[in-house]
Amino acid sequence: QYFINCIGCSNTEVLGYSRMDKRSNAEINNNMVLLFPTWRKEVGDTYINEILEITKALTEKKPEITIIYAAHPSINADAYEQILGQLKNISESVICLNSLDNDLFNKYFAMAKYLITDYSSVAYDFSYKSDGYAIYYKPLAQIDNHYELKKEFYEANCGITVNNIDE
């Protein structure tokens, strides 16, 4: 019923249910990347540097893209402000938000063509979109990550895994 009322789909076989249940329909922006890592107990320099390196590499290789960094709610305010300031120095086209800002998060989640994450369940949620690509970024997953890829990630074809930004 949700798919019929909110998304306009009918005769849809639902094999799971996306947690992004308030996302809206939006036209996919082919030049938009959502960077949304999973939660961390603590955010240190290694994590911050990885976020900065991803952003820097992407903006150098594809200057036309917009990157949305969505901070997980576990990211404390000081770390968020530090990341925000440094990302703005990399490119004016970087947008930062806290994922608790549901309206903005859902908007960008719906619009983004690409998702870069170490959060396999969010990649699963992203796979419900048509014409979107989830990228499970292993270097992020190696930094105090609390999720591991499960066989369902591959079975449901939720996305691809990469070992570095060039991939």
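Right, let's walk through the structure included here. The residue numbers shown here count from 1 along each chain, following its written sequence. Local features in a predicted model are, by the rule used here, given only for residues with pLDDT of at least 70; side-chain atom pairs are given and counted only at 80 or more, and totals for whole chains, interfaces and linings are based on all residues. The side-chain quantities take in all heavy atoms of the structure and omit both hydrogens and water.

1. Some details on the overall build of the chain
Secondary structure elements follow DSSP: runs of H or I of four or more residues count as helices, runs of E of two or more count as strands, with numbering from the N terminus. In terms of regular secondary structure, the chain is built from 7 helices and 6 strands. Written out in order from the N terminus, the α and β elements of the chain read α-β-α-β-α-β-α-β-α-β-α-α-β. For the chain, the proportion of its 167 residues judged to be buried stands at 44%. We call two residues in contact when some of their heavy atoms are within 4.5 Å. Pairs at least 24 residues apart make up 68% of the contacts formed inside the chain by residues separated by at least 6 positions. Entry remark: accessible area of the chain is about 9200 Å², with carbon and sulfur atoms responsible for 47%. Each residue's exposure class comes from its accessible area (1.4 Å probe, protein chains only) as a fraction of the maximum for that residue type: buried when under 20%, exposed when over 50%, partly exposed otherwise. Here the accessible surface of atoms and residues is derived via Shrake-Rupley with a 1.4 Å probe, and residues count as covered only by protein chains that are part of the display.

2. Quick word on the sheet that holds strand S1 (residues 29–35)
Strands qualify as paired when DSSP identifies two bridges or more between them. The strand order across the open sheet built from 6 strands is S3-S2-S1-S4-S5-S6, with neighbouring strands paired in parallel fashion. At either end of the open sheet lies a strand with only one pairing partner, and these are strand S3 (94–98) and strand S6 (160–162). The average angle at which neighbouring strand axes cross in this sheet is 25°, direction not considered. Pairing of strand S5 (residues 133–137) with S6, which is carried by 3 bridges, proceeds in the parallel orientation. Fitted lines through C-alpha atoms serve as axes, helices being fitted only where they are in contact, and the angles separating the N-to-C directions of these axes extend from 0 to 180 degrees.

3. Notes on the nonpolar core
Ranked by size, the top nonpolar core spans 26 residues in total, and within it Leu35, Tyr47, Ile51, Tyr69, Ile75, Leu87 and Ile116 carry the most contacts. Elements that contribute at least two residues to this core include exactly S1, helix H2 (45–61), strand S2 (66–71), helix H3 (77–90), S3 and S5. The element that contributes the greatest number of residues to this core is H2, accounting for 6 residues. Here Leu87 is in contact with Ile51, Leu52, Thr55, Tyr69, Val94 and Cys96, once residues within four sequence places are set aside. Here the nonpolar core consists of buried residues drawn from Ala, Val, Leu, Ile, Met, Phe, Trp, Tyr and Cys, with membership extended through side-chain atoms lying within 4.5 Å. One finds Tyr108, Met111, Ala134 and Ala141 within the second-largest nonpolar core, a separate group that totals 21 residues.

4. Focus on the environment of Val33
Of note, Val33 is situated in strand S1. The exposure class assigned to Val33 is buried, which follows from its relative accessible area of 6%. Expressed as a C-alpha distance, the spacing of Val33 and Tyr133, which sit 100 residues apart in the sequence, is 9.6 Å. When residues no more than four places from it in sequence are discounted, the contact partners of Val33 are Leu58, Ile65, Thr66, Ile67, Ile68, Tyr114 and Ile116.

5. Side note on the packing of H2 against H3
Across the interface, H2 lies against H3 with an axial gap of 10 Å and an inter-helix angle of 20°. Of the possible angle classes, the one that applies to H2 and H3 is roughly parallel. For the element pair H2 and H3, the recorded crossing hand is right-handed. Every residue of H3 that contacts H2 at Tyr47, Ile48, Ile51, Leu52, Thr55, Lys56 and Thr59 is listed here: Gln82, Ile83, Gln86, Leu87 and Ile90. A breakdown of the residues in the contact of H2 with H3 according to their chemical character gives 7 nonpolar, 4 polar and 1 charged. In this scheme, roughly parallel covers angles under 35 degrees and roughly antiparallel covers those over 145, while 65 to 115 is roughly perpendicular and the rest are oblique. Handedness of a crossing is defined here by the sense of rotation of the near helix relative to the far one, left-handed for an anticlockwise turn of less than a right angle and right-handed for a clockwise turn. Under the scheme applied, nonpolar residues are Ala, Val, Leu, Ile, Met, Phe, Trp, Tyr, Cys and Pro; charged residues are Asp, Glu, Lys and Arg; polar residues are all the others, including Gly.

6. With respect to the side chain of Glu50
Along the chain, Glu50 turns up in helix H2. Judged by its relative accessible area of 19%, Glu50 is buried. Not counting residues up to four positions away in its chain, the partners in contact with Glu50 are Tyr137, Pro139, Leu140 and Ile143.

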